[in-house]
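Each chain, letter by letter, is given below.
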Amino acid sequence: MNKTLLMLTTAACITFAGSAWAEDIKVGALMGVTGPLANFIPPILNGAKLAEADVNKGGGLLDGQTMKLVVADSQASAQPSVDAAGKLVNIENVVAIMGALSSGATIAAANAVAIPNGVLQVSPTATAPSMTNLEDNDYVYRIVPSDNYQGKVLARAVLEEGFKKVAITYVNNDYGVGIGNTFKVEYEKLGGVVTKFSKHEDKKNSYRGELATLASSGADALVVIAYAAGSGAKIVKQSLENGFFEKFIGTDGLRDDILIQQIGAEALASSFFTSPSSPSSNEATEAFHARFDETFGGGSDKPFVDQAYDATMLIALAIQQAGSTDRTAVKNALRSVANAPGEIVGPGEWAKARELISAGKDINYEGVSGAHEFDANGDVAGYIGKYIVEGDSYKQTKIFN
Amino acid sequence: MIDFINYYLIPGITLGSIYALGAVGISMIFGILRFAHFAHGDLMTTGAYIALTAVWTLGLPALAAIPIAVVGTALVAVFLDKAFYKPLRDLPSIYTVIASFGVALILRSAIQLLWGTDSQVYVVGFQKPLIFFDSLRIALRHMQIIAFTVAIAITLHFFLSYSKTGKSMRAVADDPELARIAGLDTEKIVRWTWIIGGGLAAIGGVFVGLDTDIHTNLGWNLLLPMFAAALLGGIGRPLGAMLGGLIIGVAEEICTFPIMDIEIISPSYKSAIAFIIMLALLLFRPQGLLKGRVL
């Protein structure tokens, strides 16, 4: 009796699993749902979901199968990210991974899971310079410019604001070390003086000791390269409380609404931020943002929404181009759908892309956040925006190309 | 010199107070129930979020929400014991330790479900510290945290030395067999251990939220230094754990003080200090400062 029951259950499981596999094509979304990036996630995830919805509405993947995003929590740090990526690849059996967000989590997941298992990984946000030279057998891509670029732009922006002497504090991980060093080199090359260059550990309660030392170095402003919810907001808050600094310059990690919520907009009036951005508004991006706000009730101006949509879209296009869910074939197809030449396909044009691919035409996806032409390292050139605080959110005042 | 006090010593004592409040529970549970309770950090998180709810719904200031957080978290702790740890009590303690890992994950996920994953604050904005004698700067909330912790330490000392329950707890920690033979109600003592441990963890959690911000990994991030503090003070010695917490908190902060403008230890190595102290202690004085049980 027991044996029969067991066999029946097993059979049911196999049938169920089999049918699920035939209907849905799973794509992993490795997101820092908890941890220091938690506040960024809801709109970013919505970006990815909109891409998923566009694909499914426009005819689905391959022969009309449903694309299914499977979310796993990387906690925006290395070890949990490896665990989450392992779950996506080995248990959920995803075709490709969109993510992770922070550079440390992305590199760890790539090295431990994506590269050894031969799974395509496209990060919408990882910016560390060290990703450029990752030995990835061409499996790892990102669609934001490297911090080599953001660091250089930041240096120019800081000097344009008239800050000749700054102190720098950066978080001790791939992100902080990468952008901190490129900023320092470029800033000094352009004639700026770095009075103190100090790294700090994430997740501590007090940074007053470090800040006192930084303040005594006589800088005009403090460059904070950290995640707002990890250490950034505490650093800004404790600096203001003790009168160490009044002017702050932050990167994309600090440009988080949580900073304004916790500090208040007034105290941030003389600060500014840089962040990877999208090309200056064109019809396609405006239409996309309007559609996003309509679907989710706002949030299209939040960081990395565009990139999450594009990364998910690129993976879907690569699967369609590959004509199968074979992981290697999907990886090999990515460049041909992302890079020129080819017929240009924009956001929301899934049905058109499907037709072109089935007609055997070469396509070139030009996304919301840029054209996404991958170079040999899987990097893209891009745009960096400069932001100030206005009201209770951030406003882009300039785009560097 | 005044910089040393303002920016290193006082934040150190504040941090130490928070460690102390968490370490008391860890040390008592270790002493009386004989297992390392890895869900203790998440009890702190629970307390911080219960207080946050009281701040939101009743409009209380965070300090006034402490009693609600204490009661709520103590109830959660007693429930966790009944549901998860009591059935395992007769098995080797490794089962309970692993179970407490599971409980930690359950608590954290439940908090994420109920309150979301965004980081929150009790009060928006920032406060200038109070300035004494033109140079000594102390944030009001740091004075509150330190004063409360001192009051708790004194109360705890009198409770353990003079009340019947307190004396029974010490007896069980010293020799559970003998205590049972002498007719002490072990279950009642276990219950009180969870009430006190959970309640103090909640206060610690609220203090973290008051000092910085509230997020779902708040307690988990503090767990290792709190264990170091419990070991430093001597296992089963609640006041030793408080002393240990204070030492580790202060050591983490002041170790980065630059002497003659030279930073001897980079601030990015702060976390390592707790572990260096713990390792040195296990090597040279395994019974802890106040002669606790040797592991």
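Everything numeric here is computed off the predicted structure, so don't read it as measured data. Each chain carries its own residue numbering, running from 1 in the written order of its sequence. Chains carry letters and ligands carry numbers; both start at the beginning, A for chains and 1 for ligands, and go up in the order they are written. A pLDDT threshold of at least 70 governs which residues receive local features in this predicted model, and a stricter bar of 80 or more applies before side-chain atom pairs are shown or counted, although totals over entire chains, interfaces and linings include all residues.

**Some details on the overall build of chain A**
Line of reasoning, step 1. Helix and strand assignments come from DSSP, with helices taken as H or I runs of at least 4 residues and strands as E runs of at least 2, each series counted from the N terminus. Across its full length, chain A holds 13 helices and 14 strands.
Line of reasoning, step 2. Its C-alpha atoms give chain A a radius of gyration of 22 Å, near enough to 21 Å, the size a compact globule of 401 residues would have.
Line of reasoning, step 3. Exposed residues have 12 or fewer other C-beta atoms within 10 Å of their own C-beta, buried residues have 20 or more, and residues in between are partly exposed; the C-beta atoms are placed from the backbone. For chain A, with 401 residues in total, the buried portion stands at 57%.
Line of reasoning, step 4. Long-range pairs, those at least 24 residues apart, make up 71% of the contacts in chain A with a sequence separation of at least 6. Within these notes, the globule rule equals 2.2 Å times the number of residues to the 0.38 power, and the radius of gyration is based on C-alpha atoms. C-beta atoms are placed from the backbone for every residue, and two residues are taken to be in contact when these atoms lie within 7 Å.

**Remarks on the overall build of chain B**
Line of reasoning, step 1. Counting secondary structure elements, chain B contains 11 helices and two strands.
Line of reasoning, step 2. Traced from its N-terminal end to its C-terminal end, chain B shows the element sequence α-α-α-α-β-β-α-α-α-α-α-α-α.
Line of reasoning, step 3. A globule of 295 residues ought to have a C-alpha radius of gyration of about 19 Å, and chain B, at 19 Å, matches this closely.
Line of reasoning, step 4. Expressed as lengths along the three principal axes of its C-alpha atoms, the size of chain B is roughly 60 × 50 × 35 Å.
Line of reasoning, step 5. Within chain B, the fraction of its 295 residues that count as buried is 51%.

**Let's talk about the environment of G99(A)**
All names here are of chain A.
Line of reasoning, step 1. Here G99 shows up in strand β3 (residues 96-99).
Line of reasoning, step 2. Sequence separation of G99 and S217 is 118 residues, and the distance between their C-alpha atoms is 39 Å.
Line of reasoning, step 3. The residues contacting G99, other than those within four sequence positions of it, are A29, L30, M31, S74, T106 and S123.

**Observations concerning the interface of chain A and chain B**
Line of reasoning, step 1. Contact residues are listed per partner, giving 32 residues for chain A and 36 residues for chain B.
Line of reasoning, step 2. At the level of secondary structure, the elements contributing two or more residues to the side of chain A that touches chain B comprise β7 (193-200), α7 (208-215), α8 (228-242) and α9 (257-263) of chain A.
Line of reasoning, step 3. The element contributing the most residues to the side of chain A that touches chain B is α8(A), with seven residues.
Line of reasoning, step 4. Across the side of chain A that touches chain B, the residue classes tally to nine nonpolar, 14 polar and nine charged. Residues are sorted three ways: Asp, Glu, Lys and Arg are charged, Ala, Val, Leu, Ile, Met, Phe, Trp, Tyr, Cys and Pro are nonpolar, and all the rest, Gly among them, are polar.

**Here's the deal with the sheet that holds β3(A)**
Residue and element names in this part refer to chain A.
Line of reasoning, step 1. Think of it this way: DSSP has to see at least two bridges between two strands before they count as a pair. Strands sit in the order β2-β1-β3-β4-β5 across an open sheet of five strands; the sheet is parallel. The sheet is open, and its two borders are formed by β2 (66-73) and β5 (140-142), each paired with just one other strand. Each strand axis lies, on average, 25° off the axis of its neighbour in the sheet, ignoring direction.
Line of reasoning, step 2. Here strand β4 (residues 120-123) runs beside β5; their pairing, made up of three bridges, is parallel. Bridge pairing in β5 links Q121 to V140.
Line of reasoning, step 3. Here an angle of 0 to 180 degrees is reported between the N-to-C directions of two axes, which are lines fitted to C-alpha atoms, with helices fitted over the stretch in contact. Strands in contact with helix α3 (residues 78-91) are β1 (24-31), β2 and β3; relative to β2, the strand with the most contacts, it is inclined by about 150°.

**Regarding the nonpolar core**
Residue and element names in this part refer to chain A.
Line of reasoning, step 1. The term nonpolar core means buried Ala, Val, Leu, Ile, Met, Phe, Trp, Tyr and Cys residues held together as one set by C-beta atoms within 7 Å. Core analysis: the biggest nonpolar cluster contains 131 residues, and L30, L222, L314, I315 and A318 have the highest contact counts within it.
Line of reasoning, step 2. The element contributing the most residues to this core is helix α11 (residues 305-322), with 12 residues.
Line of reasoning, step 3. Those residues in contact with I315, other than ones at most four positions away along the chain, are V27, A96, M98, L120 and V122.

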